[in-house]
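# Residue-level structural notes
Chain residues, written in single-letter form:
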Amino acid sequence: MGAMRTTEPPLVLHQTRRAAMALAVAGLATGVRASPKEHVPSSRWYEAALQMQRLAESWGDQSYGAVLVKDASIIGYGPSRVVKDGNADAHAEREAIKDAIARLGGTAPRGAVLYSTARPCAACERAAAQAGIARMYFGSALQDAGAPRTGP
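Now for a quick tour of the structure. The structure displayed is predicted, hence computed values, not measured ones.

### Structural notes on the overall build of the protein
Assigned secondary structure in the protein consists of 5 helices and 5 strands. Along the protein, helices and strands appear, N-terminal first, in the series β-α-α-β-β-α-α-β-α-β. In the protein, 56% of the contacts between residues at least 6 apart in sequence involve partners at least 24 apart. Total accessible area on the protein stands at roughly 7900 Å², and carbon and sulfur atoms take up 54% of it.

Next comes the structure, spelled out in structure tokens:
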């Protein structure tokens, strides 16, 4: 159900090398990452992501939710819509990014922080990097949330 492991801190900082490289390649590395003064991690934001997860579950969708936070406000909401919309790309993280872009009048949410109930997949990490997301926090690994394992 996306419950957080008790052996880990409540929120796990996740900033992949892939996302950092993508930002550097896109010329976005300078001034994109939020400093600790700009964003203080809070279980309040993770709870909002859990609310999006519960919304997705209420309509029979996959058990994932995400929110984007900037300047101490939620700027994008993302329940999983994969089943509801019949769209394999409608992951919670991408939905939160799309919602933020719409709310910002077509502007990318550069410097925002993503909270997700599970570790974003590689495609969502790439989408976050392209959108200029500064940091990602997640509650569980994909395998813990029911995703298939990869590799041997």
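### Examining the pattern of salt bridges
Where side chains of opposite charge bring their charged atoms close, a pairing between them can arise. Inspection of every chain in the model, using the stated rule, returns 6 salt bridges. For Asp85, the salt bridge is made with Arg81, and the minimal N-O distance between the two is 2.9 Å. When its relative accessible area of 40% is taken as the criterion, Asp85 is described as partly exposed.

### Let's talk about the packing of aromatic side chains
Per the stated rule, a full pass over the model turns up 1 aromatic pair. Both rings, one in Tyr115 and one in Tyr137, keep their centres 5.0 Å apart while their planes meet at 10°; by these two values the pair is stacked. A residue pair is termed long-range when its members are at least 10 positions apart, and Tyr115 in strand S4 (residues 113-116) and Tyr137 in strand S5 (residues 135-138) qualify at 22 residues. Taken individually, Tyr115 and Tyr137 each receive the classification buried, so the pair is uniform in this respect. Above the plane of the ring of Trp59 lies Lys84, whose end atom (NZ or CZ) is 3.9 Å from the centre.

### Here's the deal with helix H4 (residues 92-103)
Quick reminder: α-helices carry 3.6 residues per turn. Residues three or four places apart thus point the same way. End to end, H4 covers 16 Å across 12 residues, agreeing with the expected 16 Å (1.5 Å per residue, within 8%). By the burial criterion, the buried members of H4 are Ala92, Glu93, Glu95, Ala96, Ile97 and Ala100. As for H4, its buried residues are in contact with strand S2 (65-70), strand S3 (73-79), S4 and helix H5 (122-131). Looking one or two residues past H4, Gly105 carries a phi angle of roughly 70°, positive in sign.

### Examining unusual backbone geometry
Residues other than glycine seldom take positive phi values, yet Asp71 does so here, at roughly 55°. Residue position: Asp71 is located in the loop between S2 and S3. A positive phi angle, close to 60°, is found at Ala72, a residue other than glycine. Looking at the secondary structure, you find Ala72 in the loop between S2 and S3. The class of Ala72 is exposed, set by a relative accessible area of 51%.

### What to know about the pairing of S2
Of all the 6 residues making up S2, 5 are buried; the element is thus mostly covered by neighbouring parts of the structure. When S2 meets S3, the two strands line up antiparallel, connected through 6 bridges. When the bridges of S3 are listed, Val67 appears paired with Tyr77. Connecting S2 to the antiparallel partner S3 that follows it, the hairpin turn spans 2 residues, and Asp71 within it adopts a positive phi of roughly 55°. Here S2 pairs with S4 via 4 bridges, running antiparallel. In the sheet register, Val67 faces S4, and the bridge partner there is Tyr115.

### Overview of the packing of H4 against H5
Closest axis-to-axis distance for the H4/H5 pair is 9 Å, and the angle between their directions is 20°. Comparing their axes, H5 and H4 come out roughly parallel. Handedness of the H4/H5 crossing: left-handed. Between H4 and H5, the residues in contact are Glu93, Arg94 and Ile97 and Ala123, Cys124, Ala127, Ala128 and Ala131, respectively. For the contact of H4 with H5, a count of residues per class yields 6 nonpolar, no polar and 2 charged.

Definitions and cut-offs
Residues numbered from 1 in each chain as written. Predicted model: local features only at pLDDT ≥ 70, side-chain atom pairs only at ≥ 80, totals over all residues. Heavy atoms only, no water. Helix = DSSP H or I, 4+ residues; strand = E, 2+ residues; numbered from the N terminus. Contact = heavy atoms within 4.5 Å. Areas by Shrake-Rupley, 256 points an atom, 1.4 Å probe, with all protein chains shown as cover. Salt bridge = Lys/Arg side-chain N within 4 Å of Asp/Glu carboxyl O. Buried < 20%, exposed > 50% of the residue type's maximum accessible area, 1.4 Å probe, protein only. Phe/Tyr/Trp six-rings, centres within 6.5 Å; stacked < 30°, edge-to-face > 60°. Lys NZ or Arg CZ within 6 Å of the ring centre and 35° of its normal. Expected span 1.5 Å × (residues − 1). Pairing = 2+ DSSP bridges. Axes fitted to C-alpha atoms, helices over the stretch in contact; angles between N-to-C directions. Parallel < 35°, antiparallel > 145°, perpendicular 65-115°, else oblique. Left-handed = near helix turned anticlockwise from the far one by under 90°. Nonpolar A, V, L, I, M, F, W, Y, C, P; charged D, E, K, R; others polar.

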